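Read off the chains here:
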Amino acid sequence: MRCRYCAPMAWIALAVLLVDPGFAEAQTIPAHPTDLTYDLLDFTPPTSAEHRYELSNGVVVFVVEDHELPLVSVSLLVRTGSYLDPADKVGLASLTGGQMRAGGTTSMSAADFDEQAAFLAAQIGNSIGGTSGGANLGCLTKDLQVCLDLFFDMLRNPGFDAGRFALAKSQSIQQMQRRNDATRGIEGREFGRLMRGSDHFSTSPRTRATVEAITRDDMRAFHRRYYHPGNFIFAVSGDVDTEMMLSELERRLGGWAVVSDPVPTVPKPEFTPEPGLYLVDKPDVNQGRVSLGHLGTTRDDPDRYKLLVMNDILGGGGFSARLLTRVRSDEGLAYSASSSFGVGVYYPGVFQAGFQSRSETVARATAIVLEEIERIRTEPVQEEELRNSIGYFVETFSRNFSSAGSTAGLFANDEYTGRDPSYLTSYRDNIAAVTAADVLEVAQRYLDPRKLAILVVGNLEAILAGDPEQPEFSLEDLSLGAVVRIPLPEPFTMVYPVP
């Protein structure tokens, strides 16, 4: 949770005074902290062009040198993802990503690979997520050559050890058994289905059958199809020489064939969310989880900066946000309440607000969230709220470049998703230009109470009974759509019982 008003600099100032008492004599100490003045922040962000290189085979590499510590970090983005899973083998991408690291290589057993990496104190990993794959290496500068040997052996020649693979499948199936245990997991799964439907890759679950169907040959084929230089983007940072690193990558990628078939594009959901009240019964808990929302917009929306500020004031801004102030600070109904307004890369994101509250106060807290959504749609935000939000985004912009690794990673991710890097040069000006009228306008246009799907997970008997001391709050009266009960699915098949 974000706190804008913490003051770590006060401790630094105290330390300076203790170490150098003469410092106080050389400074004029204000009578009150409100009299403190600061120099204006002057930060010019680096550009991706000055760190971007292209190898002879077309592989893009970003290198950001930092010689403060004898450490090197190599990250790799791979154009792949679980959206490429066959329908009857959901989980293939994830298992392939994990087993590339866990399963050794064709020339080194899994145990020997682990031992060598541990001996070198090297962090080596690989994984595949929804829309991308990623590998990483972190090591001491003096061990870079031998660590690169291990890293590229993993990338090019994964062994997919049979024992490790069988264990991973068994663990995956065991985890399914706990799918309906935690309300947080149920909430995330069911809200995703409400927003994306059941047929999109982002909501298609692994089942016992799909995991058991996956073979080592399937992983080998998946690796051959997607792990090749034509799908690679590197981000290198730390104590390296740029020319040396480019030469090393050129040499190690040499002779590695580039597959000509283009990677399929990430599919958009073919689903329209339906407004309504959706209830999931979990009788063994005493608190209810609530998520409400509808579709958001895309990253290239010209209103994205206005939406960023609007959501920050509504629920994204931590302790200063309206939702947390009302639900937690003023009413004491929840430990946390927040919102996010998703701007998707490949398709529209999701607007989502949520909290967790005692069963009897769920309806009341939900009503407050709806009130705040309506208020930001009908009243201009206060000047102080606007100033604080803009100031936060502008003044923390430099954190995106707080380290060589974060800088290289940012540039590599923008390259991967095809984002024009020029947005970085105008980001602060675009944020600073947002007005109260802009916030009101985008709130009215992008927040629509008539489209809200409200999901409640908890002890429904207690939640629907409400608070006897405040019977005017009724959960069922808050929704503008149908009231639908969602049964818990069978955890291994993910088949939902017919109500």
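Everything below is about the structure printed above this text.
Residues numbered from 1 in each chain as written. Predicted model: local features only at pLDDT ≥ 70, side-chain atom pairs only at ≥ 80, totals over all residues. Heavy atoms only, no water.

K.L.:
Is there a simple way to think about the pattern of salt bridges in this case?
P.N.:
Side-chain pairs of opposite charge can arise whenever the charged atoms involved come near each other. Going through the model one piece at a time under the given rule, you end up with 26 salt bridges. The salt bridge partner of Glu-248 is Arg-251, with a shortest N-O separation of 2.8 Å. Taken together, the residues span about one helical turn, with Glu-248 and Arg-251 both in helix α10 (residues 242-253) at a distance of three residues. Using a relative accessible area of 53% as the deciding quantity, one classes Arg-251 as exposed. (Salt bridge = Lys/Arg side-chain N within 4 Å of Asp/Glu carboxyl O. Helix = DSSP H or I, 4+ residues; strand = E, 2+ residues; numbered from the N terminus. Buried < 20%, exposed > 50% of the residue type's maximum accessible area, 1.4 Å probe, protein only.)

K.L.:
Hey, could you run me through the packing of helix α11 (residues 304-316) against helix α16 (residues 423-432) in this one?
P.N.:
When two helices pack together, their arrangement is given by the angle between the helix axes and by the axis-to-axis distance. Close contact between α11 and α16 brings their axes to 10 Å; oriented N to C, the two are set at 50°. Considering the angle they form, α11 stands oblique to α16. You can see that α11 and α16 cross each other, and the crossing is right-handed. Mapping the contact onto sequence places Tyr-305, Leu-308 and Val-309 in α11 and Tyr-423, Tyr-427, Asn-430 and Ile-431 in α16. Tallied by class, the residues present in the contact of α11 with α16 amount to six nonpolar, one polar and no charged. (Axes fitted to C-alpha atoms, helices over the stretch in contact; angles between N-to-C directions. Parallel < 35°, antiparallel > 145°, perpendicular 65-115°, else oblique. Left-handed = near helix turned anticlockwise from the far one by under 90°. Contact = heavy atoms within 4.5 Å. Nonpolar A, V, L, I, M, F, W, Y, C, P; charged D, E, K, R; others polar.)

K.L.:
Which parts of the structure should I look at to understand the nonpolar core?
P.N.:
Across soluble globular proteins, nonpolar side chains have a tendency to be buried as a group. In this structure, Val-309, Met-310, Ile-376, Leu-447 and Val-456 are the most contacted members of the largest nonpolar core, which totals 63 residues. With near-sequence residues (within four places) excluded, Leu-447 lies in contact with His-294, Met-310, Leu-314, Phe-341, Phe-351, Ile-373, Ile-376, Arg-377 and Val-442. With 56 residues, the next largest nonpolar core counts Val-72, Leu-92, Phe-113 and Tyr-347 among its residues. (Core = buried A, V, L, I, M, F, W, Y, C linked by side-chain atoms within 4.5 Å.)

K.L.:
Hey, could you run me through the sheet that holds strand β6 (residues 232-238) in this one?
P.N.:
Whether parallel or antiparallel, the strands of a sheet pair through hydrogen bonds between backbone atoms. Read from one edge of the open sheet, six strands run β1-β2-β6-β3-β5-β4, paired in mixed fashion. The sheet is open, and its two borders are formed by β1 (52-54) and β4 (123-128), each paired with just one other strand. Ignoring which end each strand starts from, the neighbouring axes of this sheet average 15° apart. One ladder, built from eight bridges, connects strand β3 (residues 71-78) with strand β5 (residues 133-140); its direction is antiparallel. Paired with Leu-71 across the bridge in β5 is Leu-140. (Pairing = 2+ DSSP bridges.)

K.L.:
Just to check I follow, could you spell out the sheet that holds strand β7 (residues 276-281) for this structure?
P.N.:
Taken in spatial order, the six strands line up as β10-β12-β8-β13-β7-β14 in an open sheet, and their pairing is mixed. The open sheet has two edge strands, β10 (334-341) and β14 (482-485), and neither has a second partner. Within this sheet the neighbouring strands show an average axis-to-axis angle of 15°, counted without direction. Here β7 pairs with β14 via four bridges, running parallel. Bridging from a neighbouring strand, Tyr-278 pairs with Val-484 of β14. Across the sheet, helix α12 (residues 322-330) is in contact with β10 and β12 (350-358); its angle to β10 comes to roughly 160°. Contacts from helix α13 (residues 362-378) reach β8 (287-295), β12 and β13 (453-458) within the one sheet, and its direction differs from that of β12 by about 150°.

K.L.:
Explain the side chain of Asp-239 to me, please; I cannot follow it from the model alone.
P.N.:
Of note, Asp-239 is situated in the loop between β6 and α10. For the buried Asp-239, which has no salt bridge, the nearest side chain bearing the opposite charge is Lys-142, at an N-O separation of 12 Å. A distance of 2.6 Å separates a polar atom in the side chain of Asp-239 from a polar atom in the side chain of His-67. Residue contacts for Asp-239: discarding those within four places in its chain leaves Asp-66, His-67, Leu-69, Pro-70, Leu-71, Val-72 and Thr-141. (Lys, Arg positive; Asp, Glu negative; His and termini not counted. Polar contact = N/O pair within 3.5 Å; in protein donor to acceptor, adjacent residues only side chain to side chain.)

K.L.:
I'm lost on the pairing of β8 in this one. Help?
P.N.:
Side chains on a regular strand alternate between the two faces of the sheet. Of all nine residues making up β8, seven are buried, and the element is well covered by its neighbours. Both β8 and β12 contribute to a ladder of nine bridges, which runs antiparallel. The residue of β12 that forms the bridge with Val-290 is Phe-355.

K.L.:
Help me understand the packing of aromatic side chains in this model?
P.N.:
Given two aromatic rings, their pairing is described by the distance between the two centres and the angle made by the two planes. Under the definition given, this model contains 17 aromatic pairs. Taken together, a centroid distance of 5.8 Å and an interplanar angle of 40° make the contact between Phe-43 and Phe-401 tilted. Here Phe-43, found in the loop between α2 (22-26) and β1, pairs with Phe-401, found in the loop between α14 (383-395) and α15 (404-417); they are 358 residues apart in sequence, far enough to count as distant. Given the relative accessible area of 11%, Phe-401 is considered buried. Here the aromatic rings of Phe-341 and Tyr-446 are separated by 6.1 Å at their centres, their planes lie at 85°, and the arrangement is edge-to-face. Here the residue Phe-341 occupies a position in strand β10, and Tyr-446 occupies one in helix α17 (residues 436-446), the gap between them amounting to 105 residues. Take Phe-341: its relative accessible area is 11%, and that puts it in the buried class. Here Tyr-446 falls in the buried class, since its relative accessible area comes to 14%. Put simply, the rings of Phe-43, Phe-62, Tyr-305, Phe-397, Phe-401, Phe-411 and Tyr-427 touch in pairs and so form one group of aromatic residues. A cation sits over an aromatic face here: Arg-79 above Tyr-416, 4.2 Å from the ring centre. Over the face of the ring belonging to Phe-492 we find Arg-208, whose NZ or CZ atom lies 4.2 Å from the ring centre. (Phe/Tyr/Trp six-rings, centres within 6.5 Å; stacked < 30°, edge-to-face > 60°. Lys NZ or Arg CZ within 6 Å of the ring centre and 35° of its normal.)

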